[in-house]
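The chain contents come next:
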Amino acid sequence: MKKWMKLLPAVAALFVSLPVFPQFVLTPQGFVNAADGTSDCYVIECPGAGQEELFRAVSYFLEVQMAGSRTMFHAAEPDSFSVNAFVRGAVADGARAFRSLYDMEFRMMFDIRDGQVCVRAPEVKAMRRVTFDEEAEPEAPMEPGLTVRIGHRPGKVEVARLFVSRSYVGDVIFNKRGKLKRKVAKASLEDYFNGLTGALERHLCAEGGR
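Bear in mind that the values here come from a model prediction, so they are computed numbers and not experimental data.

**Concerning the pattern of salt bridges**
Counting across every chain of the model gives nine salt bridges. The salt bridge involving R182 is made with D171; its shortest N-O contact spans 3.5 Å. Remark: D171 occurs in strand β12 (residues 171-172) and R182 occurs in the loop between β12 and α3 (183-205); sequence separation between them is 11 residues. Residue R182 is classed as partly exposed on the basis of its relative accessible area of 23%. Assessed through its relative accessible area of 34%, D171 is described here as partly exposed. The partner of K186 in a salt bridge is E190, with the nearest N and O atoms 2.7 Å apart. With a gap of four residues between them, K186 and E190 both fall in helix α3, about one helical turn apart. Comparing K186 with E190 shows no difference in burial state: the two are buried. Each of the salt bridges in this network shares a partner with another, and the network as a whole consists of D40, D111 and R120.

What counts as what
Residues numbered from 1 in each chain as written. Predicted model: local features only at pLDDT ≥ 70, side-chain atom pairs only at ≥ 80, totals over all residues. Heavy atoms only, no water. Salt bridge = Lys/Arg side-chain N within 4 Å of Asp/Glu carboxyl O. Helix = DSSP H or I, 4+ residues; strand = E, 2+ residues; numbered from the N terminus. Buried < 20%, exposed > 50% of the residue type's maximum accessible area, 1.4 Å probe, protein only.

What follows is the structure, given as structure tokens:
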């Protein structure tokens, strides 16, 4: 087994514990490279690593991290790899005492060449929070002055949606003038994708990882 495969469990454990360095920043138009504020690609340099070797490392890493019943992987070996994923509770919004968690659907693409991996800016497809209200069943009389509740039945289902900008109707992170309205949600999105990208970079470029 390749040495980098043996390292994956440790990398996964460190995913949320190591410091997050900003590869991407969220703007009203979506994610861009944090360094230049314009490009849609963050390049991981891996000197000496071949394209096929990097493709295997990237694909295996992402399949370990993102595996799930609603995740799809697409590959054009050895040139590119992409993932369409659904992650529960990935995005936090609101003050700590009233914080809400949103499920997220997103797409990420990775272009692979000899010695480097280009991580394309993440594309957020949807953010939603689903809540269920239960309605009590009618209370049944047992004897004078005493009733018992039989149970509960499903009630109203509410879906709250969050969007990056005013391209859709609903709550937004940036308003139509580009002003930031939801600082916590913006930071949560950046932390998620920068954490994932940073974990991949550390894995690919770790000493002895290839």
